[in-house]
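Fold and geometry: a report
Listed below are the residues making up each chain.
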Amino acid sequence: MFRVLFSSRMLAFHALVLLIVPSFIWLGFWQLGRWEEKQAAADLQQANIESTPVPVEKLTEVGTDVDRDDRWKPVEATGTYDAEHELLVRNRDGSRGVGLYVLTPLVTDAGPALLVNRGWVPMPATATSQPDVPPPPTGEVTVTGRIQYSETPQNTGIRERGGLPEGQIMIIDVDKIAADLPYPVYGGFAELTDQDPPSDPAPERVAAPETNMGMNLSYAVQWWVFTVVAIVGWIFLMRRELRDARAAEQDPSADEASVRPTRGSDAHDGTAENPSDMPVRTESGS
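Everything in this summary refers to the structure shown in the same document. (Residues numbered from 1 in each chain as written. Predicted model: local features only at pLDDT ≥ 70, side-chain atom pairs only at ≥ 80, totals over all residues. Heavy atoms only, no water.)

**A short note on the overall build of the protein chain**
The helix and strand tally for the protein chain stands at six helices and eight strands. If you list the helices and strands of the protein chain from N to C, you get α-α-β-β-β-β-β-β-α-β-α-β-α-α. A total of 286 residues make up the protein chain; the buried ones form 33% of that total. A sequence separation of at least 24 residues applies to 70% of the contacts in the protein chain between residues at least 6 apart. Accessible surface, the protein chain: about 18100 Å² in total, of which carbon and sulfur atoms supply 56%. (Helix = DSSP H or I, 4+ residues; strand = E, 2+ residues; numbered from the N terminus. Buried < 20%, exposed > 50% of the residue type's maximum accessible area, 1.4 Å probe, protein only. Contact = heavy atoms within 4.5 Å. Areas by Shrake-Rupley, 256 points an atom, 1.4 Å probe, with all protein chains shown as cover.)

**A short note on the packing of aromatic side chains**
This structure, assessed with the given rule, holds five aromatic pairs. Where Trp223 meets Phe226, the ring centres are 5.6 Å apart and the plane angle is 85°; that geometry is what we call edge-to-face. Of this pair, Trp223 and Phe226 both sit in helix α5 (residues 216–250), three residues apart, roughly one helical turn. Classification of Trp223 as partly exposed rests on a relative accessible area of 24%. What links up through ring pairs into an aromatic cluster is the set Phe24, Trp223 and Phe226. For the cation-ring pair, Arg68 lies above Tyr149, with the distance from its terminal atom to the ring centre recorded as 4.4 Å. The ring centre of Tyr81 lies 5.9 Å from the NZ or CZ of Arg118, which sits over that ring. (Phe/Tyr/Trp six-rings, centres within 6.5 Å; stacked < 30°, edge-to-face > 60°. Lys NZ or Arg CZ within 6 Å of the ring centre and 35° of its normal.)

**Section: the pairing of strand β4 (residues 97–108)**
With nine of twelve residues buried, β4 is to be regarded as a mostly interior element. Judged from the three bridges that link them, strand β2 (residues 74–81) and β4 form a sheet pairing that is antiparallel. Among the inter-strand pairings, Gly79 is bridged to a residue of β4, identified as Thr108. Here strand β3 (residues 87–94) runs beside β4; their pairing, made up of six bridges, is antiparallel. Bridged to Gly94 within β4 is Gly97. Between β3 and β4, which follow one another and run antiparallel, lie two residues. Two strands pair when backbone bridges link them, and β4 and strand β5 (residues 113–122) are joined in this way by nine bridges, in the antiparallel orientation. (Pairing = 2+ DSSP bridges.)

Below you can see the structure in the form of structure tokens.
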């Protein structure tokens with residue numbers, strides 16, 4: 001029986017099980033960890049969005065970026081829009097497809113400007129033509145928006161490229177934009193959620209992001225199901241091998257019977273007497 005369990009074929013199977021079972025368990029916990037990270041990020045995002053608005057200088061200042069833990073928190077600022085230095089951010093999604101974000105500096109009463117994403121507008125008819133952009137209100141306004149850190153190719157997956165029409169950019173790189181403005185600029189930018197007085201018409205407001213937990217939790221469960229299947233399959237095979245070995249030990253003649261010729265078969269094993277070898281009886285002539 002032990003010879004059966006530790007034959008070369010079974011040893012290879014044992015080694016395979018010992019390899020894949022820990023691997024499947026580890027993969028399940030890895031996917032669970034990914035899900036927990038996304039859950040924590042989603043909880044933080046929702047808590048930040050629902051927090052009370054604070055003055056913009058509480059969360060950022062000139063020359064520094066927004067802390068990642070403060071992203072999505074609402075901030076308030078009062079000042080006047082600088083429409084002359086308005087920029088359009090290409091390839092951004094809205095309710096009607098791909099369009100542009102309208103990024104307008106708000107020069108605050110405190111001195112520095114806050115870059116405000118006033119919302120989304122559809123793409124123009126051609127890539128080189130200018131879209132129809134509702135102008136910002138003149139005079140003093142108070143804005144509320146969700147604070148965001150500066151965009152980079154790494155944190156957006158968007159590549160910079162040249163040859164864009166005048167006043168259009170690919171990403172909201174605050175330091176790069178600030179270098180071309182005649183006043184200091186707060187780090188980060190704000191997605192407009194409220195404005196007093198309001199604009200009419202106005203770009204389409206950027207919607208709050210939906211929480212995406214992905215499929216990591218279901219993937220974790222799948223890996224653990226695979227683990228159970230592997231263990232059950234291993235137990236089933238072991239039981240079958242033991243049963244077959246036990247049956248062979250209890251009835252060793254079964255194997256001999258399968259190869260021993262039967263008595264009745266001797267007459268048909270090719271040794272039949274040749275008629276020519278039989279004695280011939282002769283008759284005497286009369």
